[in-house]
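Each chain, letter by letter, is given below.
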Amino acid sequence: MSKTTAFEEKCINTIRFLAADAIEKAKSGHPGMPMGAAAAAHTLWVSHLKHNPVNPRWVDRDRFVLSAGHASMLLYVLLHLTGYDLSMDDLKAFRQWESRTPGHPELHCAPGVEVTTGPLGQGLSNAVGMAIAEAHLAARFNRPDCEVVDHFTYVLASDGDIMEGVTAESCSLAGHLGLGKLIVLYDDNRVSLAGTTSLSFTEDVGRRFEAYGWQVLRVQEGNRPAAINAALQQARAEESKPSIISVQTVLGYGAPHKQGTADAHGSPLGRDELDAAKKNLGWPVDPTFFVPEDVSNFYREALDRGKAREEQWLQTFERYRRQYPEQAAEFSRVLAGRLPDDWEAALPVYGEGAADVATRKAGETVMQALAPKIPELMGGSADLNPSTFTWLKGLGDFQPPGFSPEGVQGRVGGPWGYEGRNIHYGVREHAMGAISVGMALHGGILPYTATFLTFADYMRPPIRLSALMGLRVIYVFTHDSIGLGEDGPTHQPIEHIMNLRAVPNLTVIRPADAGETVEAWREAIRNTEGPTTLIFSRQNLPVLDRAKLAPATGLRKGGYTLWESGEGIPDIILIGTGSEVVPTLEAGHRLAVDGVAVRVVSMPSWELFDRQPDAYREAVLPSAVRARVAVEAGIKLGWERYVGLDGAIVGLEGFGASAPAKVLFEKFGITVENVTAAARALLRARVTS
């Protein structure tokens, strides 16, 4: 063994046993992958990864995504060793309360963590979105004599990541798009939590990825840095295909009784086995958390390399700024997440006399108006543009360079290539959601997605993760109720809106008409604290006459008094949302004719309303008025939040049916008559109580 190889082994063992010691101290964690994949991670971070530990958010850094988030201590060790602001004490606090090193990587805990990973397959799919963002920004901003966007996205993935269905969706699309700067290191250790992968996973992964259009490379000995390095060099040289490198490793390498078995996967090795592993690999048993001085000095060279690389990039960008000042200013703006100064001026206005229009169609009008003003707005639908109306017309299709439009239908106009802003996701809702998360994480893109609301179930994991990370993603869902009609209960969302409302930090907006739709898009664009879902109707809805009602700008507060029959405290409050605001309003008018003091509240967004000051919420829904009726064509569960146990809810008890929308609303009781009857029953009960 040469001196260089011996030193590499020393570095790799440092990674292995720092990770194992931290897991042992926590009495919780996954030592197998950090020990088995240490050589692959070491090789990538030392020889290829472009990063600056002092500035983890440098815009042209390579992105490293640990898709196998259970191996989080591997990432934390690499961050600590290479000079990020993550101390040895942080490693020792692994999985503890308020630690910077939680059990799975979290975006805002430790510097250098690019994405919150944990649910397998999500990180790899997020990485596809990062690679899309890199390709698009490069096509938009780079010039032949000055490239300011030029970086790779690397992924470390496990067998479990490769098994997940979302990986099939996202990697199929990545292959079609020819994302050559996406490189996956596949830790092919053939063991999962429940046993060997032969129990359930015997496909030829390489051939599958070849069919997707990927370059497939193999390293048969996962402890050979030279072989891993050569494979990474070959992957980097392939510009027209993403690459996956199958690195055959041994889970829990070095542990004499547990290596290569499921016992090394998801639990600490135990002190005796860990000590035996150290002896087996020639590592001192004591002290724990041992880092040899020469190893520490070697890894800390990343500080100087990172500083030099960023300084070189800054010089390039300064030259870019001098030669292309407008493009440089725009590049800086989008990477900082700032909106153009005048973007709101483009929003359409729906005035008196406007024709009935579905909110999905009004949403299309808003998008066409905003897209030229907000060039970072980019996204697409799950093969549903003709139904969701979420294309950006004339702004091109995101396709690989050289993609031929000959014989292709469905083009939205504009250039083909990475500069296009319309992504054709195909029927891949899960991947669409996860890819949009990656685009938002990368920066420089304001991503949106679109599909029918009933398919939000397919997207729930990435929606939840985007909320957890506080990402700026816009999820458009159309066909929002039984109002979609004849397609029947499989396509009629009943519980989905309430399901979305249950996600913390997710803003759900269901506008009542075209005017509220404009305001809904305004709030979605302005929301920088987390994702927004826009819930739109398939069927046409009246454009409310704002000359006789409160302005649609009330949506900005989530809920507002749309109309009331008089001044002062009302006898009863009717609360409607979305398409049900119209029958709610009509019921209010009928009650007023009979002398009832009634207030009609439009409640397009619980989340926006709940963020308002107590005084405002009390003014709209005074606590003195206990007679309240909520109306929504979905499950009733949840509306008790605003009507209390004494109120009434006009909604659905079960699934829909196949019939014209008007018939369905009548048969399921979402009618003016039922709202009026519910209100009268409450008023009678108040008199007799």
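What counts and how
- Residues numbered from 1 in each chain as written.
- Predicted model: local features only at pLDDT ≥ 70, side-chain atom pairs only at ≥ 80, totals over all residues.
- Heavy atoms only, no water.
- Helix = DSSP H or I, 4+ residues; strand = E, 2+ residues; numbered from the N terminus.
- Buried < 20%, exposed > 50% of the residue type's maximum accessible area, 1.4 Å probe, protein only.
- Lys, Arg positive; Asp, Glu negative; His and termini not counted.
- Salt bridge = Lys/Arg side-chain N within 4 Å of Asp/Glu carboxyl O.
- Contact = heavy atoms within 4.5 Å.
- Pairing = 2+ DSSP bridges.
- Axes fitted to C-alpha atoms, helices over the stretch in contact; angles between N-to-C directions.
- Parallel < 35°, antiparallel > 145°, perpendicular 65-115°, else oblique.
- Expected span 1.5 Å × (residues − 1).
- Polar contact = N/O pair within 3.5 Å; in protein donor to acceptor, adjacent residues only side chain to side chain.
- 1 Å grid on protein atoms, 1.4 Å probe; cavity = no way out; pocket = protein on both sides within 12 Å on 5 of 7 lines; lining within 4 Å.
- Points joined across faces, edges and corners; volume = space filled by probe spheres on them.
- Nonpolar A, V, L, I, M, F, W, Y, C, P; charged D, E, K, R; others polar.
- UniProt positions renumbered as here; feature names shortened; annotations may be inferred.

A. Region of interest: the side chain of E24. Mapped onto the elements, E24 comes out in helix α1 (residues 3-26). Within the buried core, E24 has no salt-bridge partner, and the shortest N-O distance to an opposite charge, that of R271, equals 5.1 Å. Leave out the neighbours within four places in its chain, and E24 touches P268, L269, G270, R271 and L274.

B. Representation of the sheet that holds strand β7 (residues 243-248). On the basis of which strands lie adjacent, the open sheet formed by five strands has the order β1-β2-β3-β7-β6 and parallel pairing. If you trace the sheet from one side to the other, it starts and ends with β1 (63-66) and β6 (215-219), each paired once. Taking each pair of neighbouring strands and ignoring which way they run, the sheet shows an average axis angle of 15°. Bridging between β1 and strand β2 (residues 153-157) involves four bridges; their strand directions are parallel. Opposite F64, over in β2, you have Y154 as the bridge partner. Sheet contacts for helix α9 (residues 205-212): β3 (182-188), β6 and β7; angle to β6, the most-contacted strand, approximately 155°.

C. The packing of helix α13 (residues 301-323) against helix α14 (residues 325-336), seen in detail. Put simply, α13 and α14 touch, their axes get as near as 5 Å, and they point 130° apart. When the axes of α13 and α14 are compared, the pair comes out oblique. The residues of α14 that touch α13, namely those facing W313, F317, Y320, R321, R322 and Q323, are P325, Q327, A328, F331 and S332.

D. Focus on helix α20 (residues 514-526). The first and last C-alpha atoms of α20 sit 19 Å apart over 13 residues, in line with the 18 Å expected at 1.5 Å per residue. Every buried residue of α20 is accounted for by A514, G515, E516, T517, V518, E519, A520, W521, R522, E523, A524 and I525. The N-cap residue of α20 is D513: its side-chain oxygen and the backbone nitrogen of G515 are 3.3 Å apart.

E. View of empty space enclosed by the protein. A full pass over the atoms with the stated rule returns five cavities of 30 Å³ or more. Taken together, 14 residues line the largest cavity, and the ones lying closest to its centre are H51, D62, Y84, G112 and E114. Here the lining of the largest cavity is built from residues that sort into seven nonpolar, four polar and three charged.

F. Molecular detail of the pattern of salt bridges. Enumeration according to the criterion identifies 39 salt bridges in this entry. Between R57 and E114 there is a salt bridge; the shortest N-O distance is 3.8 Å. Taken together, the residues span a long stretch of sequence, with R57 in the loop between α3 (38-47) and β1 and E114 in the loop between α5 (88-92) and α6 (122-141) at a distance of 57 residues. Taking the relative accessible area as the measure of exposure, R57 reaches 42% and is therefore partly exposed. A cluster of three or more residues bridged by salt bridges with shared partners is formed by D480, R501, R510, E580 and E632.

G. Summary view of α3. Buried residues dominate α3, accounting for eight of its 10 residues. For α3, the complete set of buried residues consists of A38, A39, A40, A41, H42, T43, L44 and W45.

H. Main features of the UniProt feature "binding site: Mg(2+)" (unreviewed entry) in the protein chain. Under the feature "binding site: Mg(2+)" (unreviewed entry), the UniProt entry names D159, N189 and V191. A maximum C-alpha distance of 7.5 Å among these annotated residues, which run over 33 residues, shows that they cluster at one spot. Inspection of the secondary structure puts D159 in helix α7 (residues 159-163). Accessibility expressed as a relative area gives 2% for D159, which makes it buried. Contact partners of D159, with chain neighbours within four places excluded, come to Y186, D187, D188, N189, R190, V191, T197 and F201. Its location among the elements puts V191 in strand β4 (residues 191-192). Using a relative accessible area of 6% as the deciding quantity, one classes V191 as buried.

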